[in-house]
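# Commentary on secondary and tertiary structure
Listed below, chain by chain, are the residues.
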Amino acid sequence: MDKNAIKALYIHALRGTSPDVTKYSATDIKGTIADEFNKLCATRKDYEDNKYTIFQIMQESFDEVLPKYVGDAFGVFAEYKTVGLNQKYTFKVKRGRMRAKTFITEVGLSGVYEAFRLDHDYFEVGGKAFGGAAYIDFERLRSGDEDITEPFNLLMEGLQEAINREIAKALIATVQNSDMPIANKVSVNGFDPAAMMKLITIAKTYGGGSAVILATPEWVAEMGPDAIGMPILANPASNAGYATPVYSPKDINDIANGGFVTTFRGTPIVQLPQSFVDENNDMYQIPSQYAFVMPANQGEKIVKVVFEGETQIDDFKNRDRSIELEVYKRFGVAILTTNNWCVYENLDLAGTPCIIDVNNLGFVNHPHKLGKVNVGQNTDYSDASKINTL
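By convention here, each chain's residues receive numbers from 1 onward along its written sequence. Per-residue local features of the predicted model are confined to residues with pLDDT of at least 70, and side-chain atom pairs are confined, for both listing and counting, to 80 or more; whole-chain, interface and lining totals are unaffected and use all residues. Heavy atoms throughout the structure, all of them, feed into the side-chain values; hydrogens and water do not.

What follows is about the nonpolar core. Counting residues in each nonpolar core, the largest one holds 72 residues, and the members touching the most others are Phe37, Phe77, Ile148, Phe152 and Val303. Under the scheme used here, helices are H or I runs from DSSP no shorter than 4 residues and strands are E runs no shorter than 2 residues, and both carry numbers assigned from the N terminus. Of the residues forming this core, the biggest block, 13 residues, is contributed by helix 5 (residues 149–176). When near neighbours in sequence (up to four residues on either side) are disregarded, Val303 contacts Phe77, Ala78, Glu79, Ile167, Leu171, Val333, Ala334 and Ile335. Note on terminology: a nonpolar core comprises buried Ala, Val, Leu, Ile, Met, Phe, Trp, Tyr and Cys residues joined through side-chain atoms within 4.5 Å. Burial classification: accessible surface area is computed with a 1.4 Å probe over protein chains only, and a residue below 20% of its type maximum counts as buried, one above 50% as exposed, and the rest as partly exposed. Counting 23 residues, the second largest nonpolar core, distinct from the first, contains Ile202, Trp219, Met223 and Val261. Contacts are assigned to residue pairs that have any heavy atoms within 4.5 Å of one another.

Here it is in structure tokens:
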């Protein structure tokens, strides 16, 4: 199989798809691509001769899959652009129905999200480096106990999770900014249908009558079926009336079949990508307590993601002859903030463990380890030991 064919197949493997679902499953594709890569590094000499071909395939695949991941996971409210290294993308602000209070939330020189007043009809977004390192035992690779795609697949997951965290941090920073209208925020214990309807009404005003709720699975689980009526029924024992809630049959079916409601009074619910920090399953990647209500048909998407330059891949041989694989990608996130979207904070979920500290939008003291892979943000990749930080 030539390089282009391997690349095309590897992109399917990363996305969990198949070029022909009638002939090959996603599992078949992953097995085939692992075999093809392992042929390129059957011996140490083969690896040294072919590693730049392997890295080129991986790099080009990462550069194609990561931007599309943003479109697939966040396309309802986010758009992405790609630029060359050391370049920024200039977004033009479409005024439309946007009112006077418009500002950008982006990374400041201090490394945290700050609010900047938007003085022009355009703004620029560049990238910062996010990367990680994984190691592979070459003897286990030769024996077939490991394959070279496994660490790269985990590093891809780590970069996707870094995108998720940066988008969440930017949204939360915007919510915490005093310029966001008070009417657009609800912060209470539990789920209050009336409060959610208030936010939906605001978002619909700017979305042509349509809105969408975006929340983590933990948040959606707290909603439960919607009580669409409280009829007064007779009590035979006392002849006194009593109220009994009548729940939406659709909500009950959704919960029975999928575990979650999928709409709230006509407004669709989209679950945000959520995962655990490591295999202990005791800390989430993004905060659980926030749900965002966005206008569905707003021409200007709230979140802007810019990918800068190519994915960089390199290797480093350790003294025990294991190989450390290093990957990093530059990207940036900004929020075009107006008064057309809202947030609901469920304080009952505020104590749910999360790697992001919502008070300062930094990270709590927790090792972010995925087996043999560490992924974090750092701009210095001259020393592999510096990459393994979060």
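On we go.
Take the sheet that holds strand 8 (residues 211–215) next. Two strands make a pair as long as DSSP finds a minimum of two bridges between them. Here we have six strands laid out as an open sheet, ordered 7-18-15-8-14-13, and mixed in their pairing. Of all the strands in the sheet, just strand 7 (185–188) and strand 13 (263–264) have a single pairing partner and so form its edges. Pairing geometry for strand 7 and strand 18 (residues 342–346), over four bridges, is parallel. Within the sheet, the bridge partner assigned to Val186 lies in strand 18 and is Tyr344. Here an angle of 0 to 180 degrees is reported between the N-to-C directions of two axes, which are lines fitted to C-alpha atoms, with helices fitted over the stretch in contact. Those strands touched by helix 5 are strand 7, strand 15 (290–295) and strand 18, and its axis lies near 85° from that of strand 15.

Another aspect to go through is the confidence of the model for the protein chain. The predictor reports its confidence for every residue as pLDDT, a score running from 0 up to 100. Mean pLDDT for the protein chain: 83, with 82% of residues reaching 70 or above. Segment residues 368–375 is flagged for pLDDT under 50; beyond a separation of four residues in sequence, or across chains, it makes 39 contacts in the model. Counted against residues more than four places away or in other chains, residues 378–390, with its pLDDT under 50, gives 30 contacts.

This part takes up the packing of helix 3 (residues 44–74) against helix 5. Packing of helix 3 against helix 5 leaves a shortest axis separation of 11 Å and a crossing angle of 35°. Pair helix 3 / helix 5 crosses with right-handed handedness. Mapping the contact onto sequence places Phe55, Met58, Phe62, Val65, Leu66, Tyr69, Val70 and Phe74 in helix 3 and Phe152, Met156, Leu159, Gln160, Ile163, Asn164 and Ile167 in helix 5. Polar here means any residue outside two lists: the nonpolar Ala, Val, Leu, Ile, Met, Phe, Trp, Tyr, Cys and Pro, and the charged Asp, Glu, Lys and Arg; Gly therefore counts as polar. Its residues assigned to classes, the contact of helix 3 with helix 5 comprises 13 nonpolar, two polar and no charged. Should the near helix be turned anticlockwise from the far one by less than a right angle, the crossing is termed left-handed; should it be turned clockwise, right-handed.

Attention now moves to the pattern of salt bridges. Between side chains of opposite charge, a pair can form when the charged atoms approach closely. By convention in these notes, a salt bridge is any Lys or Arg side-chain nitrogen within 4 Å of a carboxyl oxygen on Asp or Glu. A complete count under the given rule lists 16 salt bridges for this structure. Close ionic contact of Lys68 with Glu64 constitutes a salt bridge, the shortest N to O distance being 3.4 Å. Here Glu64 and Lys68 lie together in helix 3, a separation of four residues that amounts to about one turn. Among the residues examined, Glu64 registers a relative accessible area of 29% and is labelled partly exposed.

Let us now look at unusual backbone geometry. One non-glycine residue with positive phi stands out, namely Asn86, at about 65°. Judged by relative accessible area, Asn86 falls into the exposed class, the value being 69%. Even without a glycine there, the phi angle at Asn281 is positive, about 60°. Position of Asn281 among the secondary structure elements: in the loop between strand 14 (267–271) and strand 15. On the basis of relative accessible area, Asn281 is assigned to the partly exposed category, the value being 48%.

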